[in-house]
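Commentary on secondary and tertiary structure
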Amino acid sequence: MGGQVSIPDGVHVVVVGGGFGGIAAAQKLKSQGVPFTLIDMREAFHHNLAGLRASVQPGFAQRTFIPFAKTFGSSFVQGRVENVDPERQAVILQGGRVRTADGWGRGFHLLVLLL
Ligand SMILES: Cc1cc2nc3c(=O)[nH]c(=O)nc-3n(C[C@H](O)[C@H](O)[C@H](O)COP(=O)(O)OP(=O)(O)OC[C@H]3O[C@@H](n4cnc5c(N)ncnc54)[C@H](O)[C@@H]3O)c2cc1C
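Residues numbered from 1 in each chain as written. Predicted model: local features only at pLDDT ≥ 70, side-chain atom pairs only at ≥ 80, totals over all residues. Heavy atoms only, no water.

Identification of the protein as Ferroptosis suppressor protein 1 from Oryzias melastigma is taken from an unreviewed UniProt entry. You can read under Cofactor (unreviewed entry) in the UniProt record for the protein the words "6-hydroxy-FAD". What UniProt states about the protein under its Sequence similarities (unreviewed entry) heading is, verbatim, "Belongs to the FAD-dependent oxidoreductase family." (UniProt positions renumbered as here; feature names shortened; annotations may be inferred.)

See below:
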């Protein structure tokens, strides 16, 4: 991941999906100081590196989970995305929660779907 991120000032990026792709994108945005929101329905990213060790060493399995909230703070929103409304620049979460002006200024400017 050596490339530079070139995003105009004032742009808020929303990344949906905190898998390998999503956390790589979110980590890059975080390190570049670009405002972003990462949305995932789970509360943690789970990788299976060292999975063999986790299966034999008591307590190690917990370390294969990386909690989103701890890693990305308030830039993380937990929820299942059910729809996207590009006109309103809104992401609609399960339960009818709509993320637009309330939390992201004028809504998202760039939406990255990594599901
Ligand atoms: C058993 C197994 C073993 C594998 N082994 C390897 C390997 O050894 N090497 C390798 O290169 N690849 C491997 N792969 C493939 C690799 O896991 C995938 O290529 C990779 O996970 C894809 O990453 P991603 O970020 O695109 O999606 P994912 O990792 O699938 O992440 C998607 C994320 O989006 C979230 N999400 C989905 N829908 C919604 C929604 N509606 N709202 C909110 N969040 C949502 C999910 O919770 C998830 O966190 C393996 C896959 C499996 C299943």
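The discussion continues.
**Concerning unusual backbone geometry**
For Ala50, which is not glycine, the phi torsion reads 65° and is therefore positive. Mapped onto the elements of the fold, Ala50 is located in the loop between β3 (44-46) and α2 (51-56). (Helix = DSSP H or I, 4+ residues; strand = E, 2+ residues; numbered from the N terminus.)

**Quick notes on the nonpolar core**
Across soluble globular proteins, you tend to see nonpolar side chains buried next to one another. Ranked by internal contacts, the top residues of the largest apolar core, which has 13 residues, are Val13, Leu29, Phe36, Leu38, Phe68 and Phe72. Put simply, the parts of the chain that give this core at least two residues each are β1 (13-16), α1 (20-32), β2 (36-40) and α3 (68-72). Here the element with the most residues in this core is α1; it accounts for three residues. If we ignore the near neighbours within four places in the chain, the residues touching Phe72 are Ile23, Ala26, Gln27, Lys30, Phe36 and Leu38. (Core = buried A, V, L, I, M, F, W, Y, C linked by side-chain atoms within 4.5 Å. Buried < 20%, exposed > 50% of the residue type's maximum accessible area, 1.4 Å probe, protein only. Contact = heavy atoms within 4.5 Å.)

**Re the sheet that holds β2**
Sheet strands pair by backbone hydrogen bonding; their relative direction is either parallel or antiparallel. Reading across from one edge, β5-β2-β1-β9 is the order of the four strands in this open sheet, with parallel pairing throughout. Two strands bound the open sheet, and with one partner strand each, they are β5 (76-78) and β9 (110-113). Neighbouring strand axes in the sheet, compared pairwise and without regard to direction, differ in orientation by 20° on average. Pairing of β1 with β2 involves four bridges; the strand directions are parallel. Bridge assignment links Val16 to a residue of β2, and that residue is Ile39. Helix-sheet contacts for α1 involve β1 and β2, and the interaxial angle to β2 is about 160°. (Pairing = 2+ DSSP bridges. Axes fitted to C-alpha atoms, helices over the stretch in contact; angles between N-to-C directions.)

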